[in-house]
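Structural description and commentary
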There are 2 protein chains.
Amino acid sequence: MTVPAPDRTTDRSGLRPDGPPSEVVIARTVADVQETVRRAARAGTSVITRGAGSGLAGGAVAVAGAIVLDLSGLNRILSIDPVDGTARVEPGVITAELDRSAGEHGLFYAPDPGSVGISTVGGNIATNAGGLRGAKYGVTRDAVLSVEVVLADGSLVHLGRPTIKGVTGYDLAGLIVGSEGTLGIVVGATVRLLPKPPQVATASASFATLEDAAAAVAAVAVSGARPAVLEILDGATLAAIDAATGSALREHGDALLIAQTDGFGAEQEIAVVAAALAEGATGVEWTTDPAEAHRLLTARREALPAIERIGRPLIEDIAVPRSRLAEAIGRIRQVAAAREVPIFVFGHAGDGNLHPIIVAEPDTDGAIPEVAHRAADDIFALALELGGTVTAEHGVGRLKRDWARRELGADAVRLHEKVKALFDPQGILNPGSGF
Amino acid sequence: MTVPAPDRTTDRSGLRPDGPPSEVVIARTVADVQETVRRAARAGTSVITRGAGSGLAGGAVAVAGAIVLDLSGLNRILSIDPVDGTARVEPGVITAELDRSAGEHGLFYAPDPGSVGISTVGGNIATNAGGLRGAKYGVTRDAVLSVEVVLADGSLVHLGRPTIKGVTGYDLAGLIVGSEGTLGIVVGATVRLLPKPPQVATASASFATLEDAAAAVAAVAVSGARPAVLEILDGATLAAIDAATGSALREHGDALLIAQTDGFGAEQEIAVVAAALAEGATGVEWTTDPAEAHRLLTARREALPAIERIGRPLIEDIAVPRSRLAEAIGRIRQVAAAREVPIFVFGHAGDGNLHPIIVAEPDTDGAIPEVAHRAADDIFALALELGGTVTAEHGVGRLKRDWARRELGADAVRLHEKVKALFDPQGILNPGSGF
């Protein structure tokens, strides 16, 4: 039996490259990356850098004739310093592996995208990945202290510093984070680790209506509590989970909220959260018992697998101000009705970050059909109308380029174009991705 | 009696301008700022933007012939949204006033530089100001979601977004934060507010030696606790406080640590911190009583005033990895001995951020004498040798320009110069400040 070679020309966006790349380079050293970029610069060839290929926005999809540069083999954790609270890593380290290693020192790595078990720290840096704990602990940019970057001419530059604080010079390390491989190639980073909270507490609450759930999110926001996790699942998602697992979540209402608090006062804090949730809920449960917590989190864990059983998902990623959550979800339902396509909504309510999942029959060639993309367009327009963003944590990639430009506005786009030209005058770094 | 006009040509760095500015503009509107910058761009005149003038690095010191642009009159809090957890502000708002207004909604504004009662949010954004709570809550950049910026051609651009999360485009808002008025002029911002912790607990511990105190900082780092505040004061500082207030702090040891925890489990958490401190301490106290906490914090509050009674201070601002704190303070003492100038050290040990205060007789013209600057040079060299930074939270300004370039290295400086040229091709925005 032969194992098929991994497809290094695409990612999990469902987007196909416009043609075959000229070459796939599996880098083993920083020198490999520099040599590849120098060669590409001389020839004017594009370089599409990738980690695990778990991206959802098409940021690591090849273009015809380009060099695909795979950094997943640069996967060592070089050091962890518990006193400094830092780790030095290569970009191909799997994010969960960094978190696990930090755990051996009583620490944790805060950014926890849904893909944490398969995605790389370098890919997370490229997209400024978020995650469930973002509401309390921030996103990847908040964890990155410094980066080693191979620039478009193949030179290696160190940006940022290993100390927790520092204001010497411009925040060019922060500029590289989230630049989706279009400004430079991250070949190393020093990231921050935090003390592992001694206690975690979990609550789950059902709501008759979405509006009740959104009101509960607002109530939590002003309760004085600061949950590390505050997730919302809509009725369509609950019904999908019920169908997949035999649960009866949808019976209890049209929306579910799941909250976690952590720290020394996690139990007192979850009680405050639960009280805020209880006002409009049809039922609330909370626990500090890990097994019980695991049960309460089942719905969140099963949401995407359950939806994926129904059809091929287009996973979207908007954010709106928390005060506009009910309106956003209500209007997404109108989009589903008007476009006659099922849309499931769950997401990180604490950040105002929703993941509408559009499910439609694939085209005959297996691609996501046009109707799904049209529904996504409606959702992007809605996000901007509500003062939000077209991508909260997945990135712009190739899929949201036009919408990103609309969100930024002409003046900001001009600045972006100048910054891109400054870092990459030939335009060889991941062309077609980003703003 | 006439009140002297405020001196808008300098800041608290003690640095004097090289000549009189051509004009001082007190902006009342964003249009005033745009009109001033357009006029400056046409004439090729420099613009030195200032808020309260509380900076310590000379970042708001005028240059001969320049226009001084004072934004302290743009001082309205435009809105606070407790559900979104955001505030929209003009740049001249006093930072403590924003925090106080947030408090009316059960929220707080996390960045709390020592100057919080006199400095402006705009000035804090320009320098990416830190503060006591930085160890847990980060610095100004972590609080800024979006900025309105007047560029060097007088145009107004919006960068960032009002949502908590968002990855559309490059982090140009983050690039503006900490750029010390050299890339653009911040005329508005949306900042994040956090739930006010329900409980605060405070601990204070004395140590026979600096090494014991540094070991205690390391012990706290791996204790599982995450103090919001962890301050260190050295023996010289304690002696100065004793002389000023009649206390007997120096008798108890050569170093003092003060810690605060906050949140729902502040009391349990301070007990863990106190246990970590106790191992090497000559004495530890802790409390959840606000009056007692006020007493324990007296030393920290009195440190700078006590030192200022002795002579004119040059306030420095390095950071080193937390694991190098003892070495840093020990070596600063050697600098004091070799240069024969008193140096007092206190700072934010949780961030590795030390403020060595060099005190020397002013020159006959009232300026800080050469010996103080030479001692500062020794300290900067030391910070770099230990893997640290020459400025953790005060900024580069005019005082640390050469050292900033040394810290960044030639390759990063070239990138900085290109970014500066991109935003400000004529070089009219705060020339002489920054990297």
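Predicted model only: the values in this text are computed from it and were never measured.

1. Quick notes on the overall build of chain A
- The secondary structure content of chain A amounts to 15 helices and 18 strands.
- Oriented by its inertia axes, the alpha-carbon framework of chain A measures out at about 65 × 55 × 55 Å.
- Taken over 435 residues, chain A has a buried fraction of 61%.
- For chain A, the proportion of contacts with a sequence separation of at least 24, taken over those separated by at least 6, is 70%.
- Surface exposure of chain A reaches about 15300 Å², of which carbon and sulfur atoms provide 52%.
- Charged side chains in chain A number 39 positive and 53 negative. The centres of these two groups are separated by 5 Å.

2. Structural notes on unusual backbone geometry
- For Glu180(A), which is not glycine, the phi dihedral falls at a positive 55 degrees.
- The residue Glu180(A) is located in the loop between α6 (172-176) and β9 (185-192) in this model.
- A residue is classified by how much of its surface remains accessible, and Glu180(A), at 8% relative accessible area, is buried.
- Its identity is not glycine, yet Glu340(B) carries a phi of approximately 55 degrees, on the positive side.
- Given the relative accessible area of 74%, Glu340(B) is considered exposed.

3. Description of the relation of the copies chain A and chain B
- If you rotate chain A by 180 degrees and push it 0.0 Å along the axis, it lands on chain B with an RMSD of 0.0 Å. Considering both components of the superposition, the chain copies are consistent with a two-fold axis. Minimal C-alpha separation from the rotation axis in chain A is found for Gly265(A), amounting to 1.8 Å.
- Most of the interface of chain A is mirrored in chain B, where 100% of its interface residues are also at the interface.

4. As for the domain arrangement of chain A
Residue and element names in this part refer to chain A.
- Domain boundaries in chain A define domain 1 (2-70), domain 2 (77-195) and domain 3 (200-385).
- If you average the C-alpha positions of domain 2 and of domain 3, the two centres end up 28 Å apart.
- Every contact between the two is made by seven residues of domain 2 and, on the other side, ten residues of domain 3.
- Taken over both partners, the interface formed by domain 2 and domain 3 buries close to 780 Å², and the fraction arising from carbon and sulfur atoms is 50%.
- In this assembly, domain 2 and domain 3 are joined by one salt bridge.
- Across the side of domain 2 that touches domain 3, the residue classes break down as three nonpolar, two polar and two charged.

5. Details of the sheet that holds strand β4 (residues 77-81) of chain B
All names here are of chain B.
- The strand order across the open sheet formed by five strands is β4-β5-β9-β7-β8, and the pairing between neighbours is antiparallel. Looking along the sheet, the strands with just one partner apiece sit at the ends: β4 and β8 (156-160). On average, each strand axis in the sheet is tilted by 15 degrees relative to the strand beside it, whichever way the strands run.
- Along the sheet, helix α2 (residues 95-103) makes contact with β4, β5 (86-89) and β9 (185-192), crossing β4 at roughly 35 degrees.

6. Quick notes on the sheet that holds strand β7 (residues 144-150) of chain A
Residues and elements named next belong to chain A.
- Spatially, β4-β5-β9-β7-β8 is the arrangement adopted by the five strands of the open sheet, whose pairing is antiparallel. On the outer flanks of this sheet lie β4 (77-81) and β8 (156-160), each paired with one strand and no other. Between one strand and the next, the sheet's axes are offset by a mean angle of 15 degrees, whatever the strand orientation.
- Pairing geometry for β7 and β9, over six bridges, is antiparallel. Bridging from a neighbouring strand, Val 147 pairs with Ala 189 of β9.
- Against the sheet, helix α2 (residues 95-103) engages β4, β5 (86-89) and β9, with an angle of about 35 degrees to β4.

7. Remarks on the interface of chain A and chain B
- In this assembly, 85 residues from chain A lie in contact with 85 residues from chain B.
- Carbon and sulfur atoms supply 64% of the area buried between chain A and chain B, which totals about 6500 Å² over both sides.
- Of all residues in chain A, Lys165(A), Tyr170(A) and Phe264(A) give up the largest surface area on contact with chain B, accounting jointly for 15% of the area buried on that side.
- A salt bridge links Asp351(B) to Lys165(A); the nearest nitrogen and oxygen atoms lie 3.1 Å apart.
- Where chain A meets chain B, there are 32 residue pairs in polar contact (both at pLDDT 80 or more).
- For the side of chain A that touches chain B, the leading source of residues is helix α15 (residues 410-423) of chain A, giving nine residues.
- Split into classes, the residues belonging to the side of chain A that touches chain B amount to 38 nonpolar, 28 polar and 19 charged.

8. Focus: the environment of Glu104(A)
- Here Glu104(A) shows up in the loop between α2 and β6 (107-108).
- Separated by 22 residues in the primary sequence, Glu104(A) and Pro82(A) have C-alpha atoms spaced 9.8 Å apart.

9. Description of the pairing of strand β13 (residues 255-262) of chain B
Residue and element names in this part refer to chain B.
- Summarising burial for β13: eight of the eight residues are buried, a large majority.
- Neither face of β13 is left uncovered, since the one carrying Ala 255, Leu 257, Ala 259 and Thr 261 and the one carrying Leu 256, Ile 258, Gln 260 and Asp 262 both have all their residues buried.
- Judged from the eight bridges that link them, strand β11 (residues 200-207) and β13 form a sheet pairing that is antiparallel. What sits directly across from Ser 204, in β13, is Ile 258.
- Pairing geometry for strand β12 (residues 229-234) and β13, over six bridges, is antiparallel. Counterpart to Leu 233 in the pairing with β13 is Leu 256.

So, how was this worked out
- Residues numbered from 1 in each chain as written.
- Chains lettered and ligands numbered in written order.
- Predicted model: local features only at pLDDT ≥ 70, side-chain atom pairs only at ≥ 80, totals over all residues.
- Heavy atoms only, no water.
- Helix = DSSP H or I, 4+ residues; strand = E, 2+ residues; numbered from the N terminus.
- Buried < 20%, exposed > 50% of the residue type's maximum accessible area, 1.4 Å probe, protein only.
- Contact = heavy atoms within 4.5 Å.
- Areas by Shrake-Rupley, 256 points an atom, 1.4 Å probe, with all protein chains shown as cover.
- Lys, Arg positive; Asp, Glu negative; His and termini not counted.
- Charge placed at Lys NZ, Arg CZ, Asp CG, Glu CD.
- Least-squares fit on C-alpha atoms with pLDDT ≥ 70 in both.
- Domains from an automatic or database assignment.
- Buried area = accessible area lost by both parts, 1.4 Å probe.
- Salt bridge = Lys/Arg side-chain N within 4 Å of Asp/Glu carboxyl O.
- Nonpolar A, V, L, I, M, F, W, Y, C, P; charged D, E, K, R; others polar.
- Pairing = 2+ DSSP bridges.
- Axes fitted to C-alpha atoms, helices over the stretch in contact; angles between N-to-C directions.
- Polar contact = N/O pair within 3.5 Å; in protein donor to acceptor, adjacent residues only side chain to side chain.

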